[in-house]
Protein chains: 2
Amino acid sequence: MEYPFSQRIGSLKASAIREILKYTVGSDVVPFAAGNPAPDAFPTKEVAQIVDEALREGAFTDLSSLTPQGYGPLVEEVRKLVPARYTPLRPEDDCLILSGATQGMDLAVKLFCSEGDTILCEDPSFIGSLNSFRSQKLELRGIPLEADGVSIPALEEALRSCPRARMLYLIPNFQNPTGQTMSLEKRQAVYRLAKEHGLMILEDNPYGDLRFAGEEVPAIKSLDTEGLVIYVGSFSKIIAPGLRVGFVAADREIIRRMAVLKADEDQAANLMAQIICARYVSRYDLAGHIQEARAIYRRKCALMLEEMDRTFSPKVTYTRPEGGLFLWCTLPDGADMADFCTRSVRDYQVATVPGTAFTVAEGASSQCFRLNYSTPTDEQIVRGIRTLGRLTHELL
Amino acid sequence: MEYPFSQRIGSLKASAIREILKYTVGSDVVPFAAGNPAPDAFPTKEVAQIVDEALREGAFTDLSSLTPQGYGPLVEEVRKLVPARYTPLRPEDDCLILSGATQGMDLAVKLFCSEGDTILCEDPSFIGSLNSFRSQKLELRGIPLEADGVSIPALEEALRSCPRARMLYLIPNFQNPTGQTMSLEKRQAVYRLAKEHGLMILEDNPYGDLRFAGEEVPAIKSLDTEGLVIYVGSFSKIIAPGLRVGFVAADREIIRRMAVLKADEDQAANLMAQIICARYVSRYDLAGHIQEARAIYRRKCALMLEEMDRTFSPKVTYTRPEGGLFLWCTLPDGADMADFCTRSVRDYQVATVPGTAFTVAEGASSQCFRLNYSTPTDEQIVRGIRTLGRLTHELL
C-alpha cells in the first residue's frame, strides 16, 4: 500500500550512525562507531539497593508526586545539583526533568522556532540534534568549528544574513563529534552576540561530568544575565544510560511552557528512572562516583591516543579531548574518507563514523571520521587502532 | 523578559485535568478526578525479582539490543503478545515500543498529518490526545459519541465535508472519558468507511486488559485487511504505570518510519522499563495477573455504582462501564455543571473532571463530568459518592 505520509516525512532520513550500527550488532566488529558510556562506569550496586527499597515501599506505583515537570523530589534535587555542580542559575530560573536529554532539544526548538526559522549549529555537530531540528522543518545553518569553538566572525555574518535565526545550538564541552571544548573567551563572545541579537542559546552539556584533563570552563549559562540560555544536562553518562533521564534549566517562564509541551508528548518522564536518580543523587557520593568514572575515561582515551600516536600515518591529524567520549580524525586533502571508513568496517571489522554524518549541510563533503573510546574494551582499542593505523599507511 | 515564543505555543493550554489536580495534591481531596490505575493491581514482587537479577547481570547498562524500534527481546515479546492477546496482525505488520502510549498518538499524527489537516475524534475524547493533536496545529473535528460508539451518519457527513480528514482517532474499549465500548457493528462500519475514503484509523486501547464484565469485542485492527489501522497499547495499566512503556502495531512501512521519528524525539524508550516488561511477559503469568487486576476494578466500579444508585438524584444519568477506569455522569438540562464540580471540590473536597475538559471543540459546553474509581480507596469511594449524591439533591 502507498501511504499518504505527511509533508515532514519526505525530508527525514534514518541517521547515518544508525545505518552503520546495523553492521555492528551482534558481530565481531570493533565498536569505534558507538557512542555509549563505558559500561563499568555505573553504580550498579547502589541502583539495585534503591530499586529494592522503592519497590518494597510501592514508590514506583505512587504517581502522586509525578507531574509533567518531573517527579517532585527529583526536581528538587536537580534545582540544587545544577548550581552546585554545573552552573549558577538566576533567581528566575527553574528546572524540568526530561525523558532523555534529546527531548530537551526537541522542546526548546518547539518553544522558540516556527517552521522556516533558522537554527545556528556548530559544524560539524551531533546528528541526533540535527535530525531533530530537521524533522521540525527548520533551516539549519552551520557555523564552522575552530579548535576553541565556533568561528565568531562566521557567527556574526550568520546573524547579519539570517533575520530568522532564533537559536544557537552548542555543545561547549567535549563536543560531539569533535571532542573539542569551547574557550571561555568564545563563550563570552557568543553570549554577547546572543544578547545583542535577542538570540536564544541552547547549551547541550551531556558530557560535562566526564572531564579527565585540563581546567573546567564555566558554562555559558553562568554568563546568562538575561535568561537567554537553555541549559540541558543528563544523568545518562553517570548513573545509567538506559534510564533516559535528562534535565533542563532555564527561565521559569520557559520551563512552565516546556512542561505543557512535554505533557502533550509523553505526559511525564519514567517514574522509576526518576526515583532512582533522585535517591542516588541525594544519598550517594555522586562526586566520588564521577571521579571514578573520569578515571576510566581518562585511561581509555589515553590508550587510544597512545596507539594512534604509535601507529597512524603522520598525514592524519586528530583532536586530543580533555573529556567526553569521542575524538575526531582528519585525513589529508585528497584522501577518500568514505572509502577509508567503508574498507575499515567491511574488510577489517573496525567501525568508525564518517564525518559526513555530522555536517550541517546534508550531502556536504568531509575528510574526517569520529572514534569512540568508551564502548570498546581495551583489547578492542589496541587491535582496532592498529588496524586503522595500518590502513592509514596503505591508503594515504 | 518577553520571550519570542514560536507560533504553535500561542494555542497551547495546560490540560484542564492538570489544573484540577493542582487542588488535589497532598490534600484530603477524594481523587475522583484522577486517572491512575489501581495501586494494588501491580506485580510488585515479580518486578523486584526481575530488577535484582537484571542489575546483577548488568543488563541495564548493555545498550547493544536497544534500537529506536525498542529493546530487541521486548519487540519480540510484543510481536507475539499482540496477536495472542489483543488482535490478529497482518503478515505485513510489525511492532514498535513507545515511551508511553501517548507517544503513539504523537508519532502517528506526525507521520500522516500535515499542518491544517483534520483529525476526526470521538466527542468527548481523551484530553491528552486532543492536546497532542492541537499542539501539532491540526484541525480537530468531533464525531458525537452514542452509547455503542461514534455516530455513523455524523462520521459520513464529516468525511463528505472535510476533504483534509486524514485520520480517525478512537478509544473503542471503555472509552476515556465515557467508559463506553464501541459495538462490533460500529467497528465494522467505521472500518468500511475508512477503506472507502483512504482514512487512517488510530485505535487507542489503553484499557483493553481491564474488562470486568460483558463479552470481548474484536479490535478494529482485527478487521484491517488493508493496513489502515495503527493499534496502540500499553503496559501501564497492568505492569506498572510509572514505567511508561507502550507499543504500536501497524504496517511495517509505518513502523519503520515511526522508528526514525522516535529516534529524533527521544532516541529509544527507557531500557530498564523495557527489560522489566520483556521479562515479566516472558516468565510470569500475565493472564493470571490480569484476572486479578480485573477483579479489583470490578469490585471498585461496582462499589461506586452501588453507592450512586443509592444516593444520586434520579435526574442524573451515568454510564455502566464493562471495564476500564472511568464512568461518566450527565446532569439534567439546565443544570450548571461547572458550578456543581466547583462546589464539590471547593466546599466538599471531592474532585471530579468537568466534561468541558474533554470536548473536541474548545469552549464547547457540557452537562457531564467524569469519575474515576481506580485511584480512590473504598472508603473514599463511599464517602465521596455520598457527598456528590447529597449535592445532586441540593443543587438540581
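Small disclaimer: the values here were computed from a predicted structure and weren't measured. (Residues numbered from 1 in each chain as written. Chains lettered and ligands numbered in written order. Predicted model: local features only at pLDDT ≥ 70, side-chain atom pairs only at ≥ 80, totals over all residues. Heavy atoms only, no water.)

### Description of the overall build of chain A
And step 1. Looking only at helices and strands, one finds 13 helices and 14 strands in chain A.
And step 2. Principal-axis analysis of the C-alpha atoms gives chain A an extent of 60 × 55 × 55 Å.
And step 3. Taken across its 396 residues, chain A has 64% of its residues classed as buried.
And step 4. Taking the contacts inside chain A whose residues are at least 6 apart along the sequence as the reference set, 77% of them involve residues at least 24 apart.
And step 5. With an accessible surface of roughly 14,200 Å², chain A has 49% of that area assigned to carbon and sulfur atoms.
And step 6. The positive charge centre, built from 44 side chains, and the negative charge centre, built from 52, are 1 Å apart in chain A. (Helix = DSSP H or I, 4+ residues; strand = E, 2+ residues; numbered from the N terminus. Buried < 20%, exposed > 50% of the residue type's maximum accessible area, 1.4 Å probe, protein only. Contact = heavy atoms within 4.5 Å. Areas by Shrake-Rupley, 256 points an atom, 1.4 Å probe, with all protein chains shown as cover. Lys, Arg positive; Asp, Glu negative; His and termini not counted. Charge placed at Lys NZ, Arg CZ, Asp CG, Glu CD.)

### Remarks on the sheet that holds strand β6 (residues 149–150) of chain A
All names here are of chain A.
And step 1. Spatial strand order, β3-β10-β9-β8-β7-β4-β5-β6: eight strands in an open sheet with mixed pairing. The sheet is open, and its two edges are formed by β3 (93–98) and β6, each paired on a single side.
And step 2. Relative to strand β10 (residues 246–251), β3 runs antiparallel, the two being bridged by six bridges. When the sheet's bridge partners are listed, leucine 98 is paired in β10 with glycine 246.
And step 3. Packed onto the sheet, helix α8 (residues 184–197) meets β5 (139–146), β6, β7 (165–170), β8 (200–204) and β9 (229–234) and runs at close to 145 degrees relative to β8.
And step 4. Strands β3, β8, β9 and β10 of the sheet are contacted by helix α9 (residues 252–266), whose axis makes an angle of about 20 degrees with β3. (Pairing = 2+ DSSP bridges. Axes fitted to C-alpha atoms, helices over the stretch in contact; angles between N-to-C directions.)

### Looking at the pairing of strand β5 (residues 118–123) of chain B
Residues and elements named next belong to chain B.
And step 1. With respect to burial, β5 is a largely interior element, five of its six residues being buried.
And step 2. Here six bridges tie β5 to strand β6 (residues 139–146), and the two strands are oriented parallel to one another. Paired with aspartate 123 across the bridge in β6 is proline 144.
And step 3. With helix α5 (residues 127–135) bridging β5 and its parallel neighbour β6, the resulting β-α-β unit is right-handed.
And step 4. With four bridges joining them, β5 and strand β8 (residues 165–170) adopt parallel strand pairing. Counterpart to cysteine 121 in the pairing with β8 is tyrosine 169. (Right-handed = clockwise from strand over helix to strand, strands pointing away.)

### Some points on the interface of chain A and chain B
And step 1. Taken together, the contact pairs 69 residues of chain A with 69 residues of chain B.
And step 2. Contact between chain A and chain B buries roughly 5,700 Å² in total, counting both sides, with carbon and sulfur atoms accounting for 61%.
And step 3. Taken as a group, Tyr3(A), Phe5(A) and Asp264(A) account for 12% of the area that chain A buries against chain B, more than any other trio of residues on that side.
And step 4. On the surface where chain A and chain B come into contact, there are zero salt bridges.
And step 5. Viewed at the interface, chain B and chain A are joined by three residue pairs in polar contact (both at pLDDT 80 or more).
And step 6. Residue assignment for the side of chain A that touches chain B shows that the elements contributing at least two residues are α1 (7–10), α3 (44–57), α5 (102–112), α6 (127–135), α9 and α10 (271–283) of chain A.
And step 7. The greatest single-element share of the side of chain A that touches chain B, amounting to nine residues, is contributed by α9(A). (Buried area = accessible area lost by both parts, 1.4 Å probe. Salt bridge = Lys/Arg side-chain N within 4 Å of Asp/Glu carboxyl O. Polar contact = N/O pair within 3.5 Å; in protein donor to acceptor, adjacent residues only side chain to side chain.)

### Focus: unusual backbone geometry
Backbone phi values are negative for most residues with the exception of glycine, while trans is the configuration of most peptide bonds.
Residues and elements named next belong to chain A.
And step 1. Proline 124 follows aspartate 123 through a cis peptide bond whose omega is 5 degrees.
And step 2. Within the element layout of this structure, proline 124 appears in the loop between β4 (118–123) and α6.
And step 3. Positive phi is not limited to glycine here, since glutamine 349 has a value of about 55 degrees.
And step 4. Following the sequence through the fold, glutamine 349 ends up in the loop between α12 (337–348) and β13 (353–354).

### Digging into the sheet that holds β5(B)
The strands making up a sheet are joined through hydrogen bonds of the backbone, oriented either antiparallel or parallel.
Residues and elements named next belong to chain B.
And step 1. Sheet architecture is open: eight strands sit in the order β4-β11-β10-β9-β8-β5-β6-β7, paired in mixed fashion. Every interior strand has two partners, whereas the edge strands, β4 (93–98) and β7 (149–150), have only one.
And step 2. Two strands pair when backbone bridges link them, and β8 and strand β9 (residues 200–204) are joined in this way by four bridges, in the parallel orientation. Across the sheet, the residue bridging to tyrosine 169 is leucine 202, located in β9.
And step 3. Its contacts with the sheet put helix α3 (residues 72–86) on β4, β10 (229–234) and β11 (246–251), and the angle it makes with β4 is roughly 115 degrees.

### Looking at helix α11 (residues 337–346) of chain B
Residue and element names in this part refer to chain B.
And step 1. Taken residue by residue, α11 has Met337, Phe340, Cys341, Ser344 and Val345 as its buried positions. Each buried residue of α11 sits inside an arc of 115 degrees when the element is viewed along its axis, so together they form one side.
And step 2. Structurally, α11 contributes buried residues whose contacts are with β14 (350–351), β15 (353–354), β16 (368–372) and α12 (378–395).
And step 3. Of the residues flanking the start of α11, the one acting as N-cap is aspartate 336, its side-chain oxygen 3.3 Å from the backbone nitrogen of alanine 338. (Arc of directions from axis to C-beta.)

### A few points about the side chain of Arg294(B)
All names here are of chain B.
And step 1. Here arginine 294 shows up in helix α10 (residues 286–311).
And step 2. For arginine 294, a relative accessible area of 10% puts it in the buried group.
And step 3. Excluding residues that lie within four positions of it along the chain, arginine 294 makes contacts with Arg85, Gly208, Asp209, Leu210, Arg211, Phe212 and Glu216.

### A word on the environment of Ser313(B)
All names here are of chain B.
And step 1. With respect to the element layout, serine 313 can be found in the loop between α10 and β12 (317–318).
And step 2. Serine 313 gets classed as buried once you look at its relative accessible area, which sits at 5%.
And step 3. Each C-alpha atom, one on serine 313 and one on leucine 388, is 9.7 Å from the other, the two residues being 75 residues apart in sequence.
And step 4. The residues touching serine 313, leaving out its near neighbours within four places in the chain, are Thr392 and His393.

### Concerning the relation of the copies chain A and chain B
And step 1. When chain A is fitted onto chain B, the two copies agree to an RMSD of 0.0 Å after a turn of 180 degrees and an axial shift of 0.0 Å. Both chain copies can therefore be described as sitting about a two-fold axis.
And step 2. Taken together, the interface assignments show that 100% of the residues at the interface of chain A recur at the interface of chain B, consistent with an identical surface on both copies. (Least-squares fit on C-alpha atoms with pLDDT ≥ 70 in both.)

### Things to note about the nonpolar core
And step 1. Counting residues in hydrophobic clusters, the biggest one holds 102 residues, and the most contacted among them are Phe133(B), Met167(B), Ile230(B) and Leu371(B).
And step 2. The leading source of residues in this core is α10(B), at eight residues.
And step 3. Counting residues in each nonpolar core, the second largest holds 92 residues, with Ala108(A), Leu111(A), Cys162(A) and Leu199(A) among its members. (Core = buried A, V, L, I, M, F, W, Y, C linked by side-chain atoms within 4.5 Å.)

### Digging into the side chain of Lys262(B)
And step 1. On the secondary structure map, Lys262(B) appears in helix α8 (residues 252–266).
And step 2. Here the side chain of Lys262(B) touches Gln103(B) through a polar contact of 2.9 Å, side chain to side chain.

### With respect to the confidence of the model for chain A
And step 1. Averaged over all residues, the pLDDT of chain A is 90; the fraction at 70 or higher stands at 95%.
And step 2. Our summary of model confidence lists the complex with pTM equal to 0.79 and ipTM equal to 0.74. (pLDDT = per-residue confidence, 0-100.)

### What about the environment of Phe247(A)?
Residue and element names in this part refer to chain A.
And step 1. Tracing the sequence through the fold places phenylalanine 247 in strand β10.
And step 2. Phenylalanine 247 sits 73 residues away from arginine 320 along the chain, and the two C-alpha atoms are 28 Å apart.
And step 3. Phenylalanine 247 has contacts with Val78, Val82, Tyr86, Leu96, Ile97, Leu98, Tyr231, Val232, Gly233, Ser234 and Phe235, leaving out every residue within four places of it along the chain.

### With respect to the packing of aromatic side chains
Residue and element names in this part refer to chain B.
And step 1. By the definition in use, this model includes 22 aromatic pairs over all chains.
And step 2. Aromatic pair tyrosine 86 and tyrosine 231: ring centres 6.4 Å apart, planes at 35 degrees, arrangement tilted. With tyrosine 86 in helix α3 and tyrosine 231 in strand β10, this pair connects stretches of sequence that are 145 residues apart. Accessibility assignment for this pair places tyrosine 86 and tyrosine 231 in one class, buried. (Phe/Tyr/Trp six-rings, centres within 6.5 Å; stacked < 30°, edge-to-face > 60°.)

### Notes on the environment of Glu57(A)
Residue and element names in this part refer to chain A.
And step 1. Mapped onto the elements, glutamate 57 comes out in helix α3.
And step 2. Judged by relative accessible area, glutamate 57 falls into the partly exposed class, the value being 48%.
And step 3. Glutamate 57 sits 52 residues away from phenylalanine 5 along the chain, and the two C-alpha atoms are 46 Å apart.

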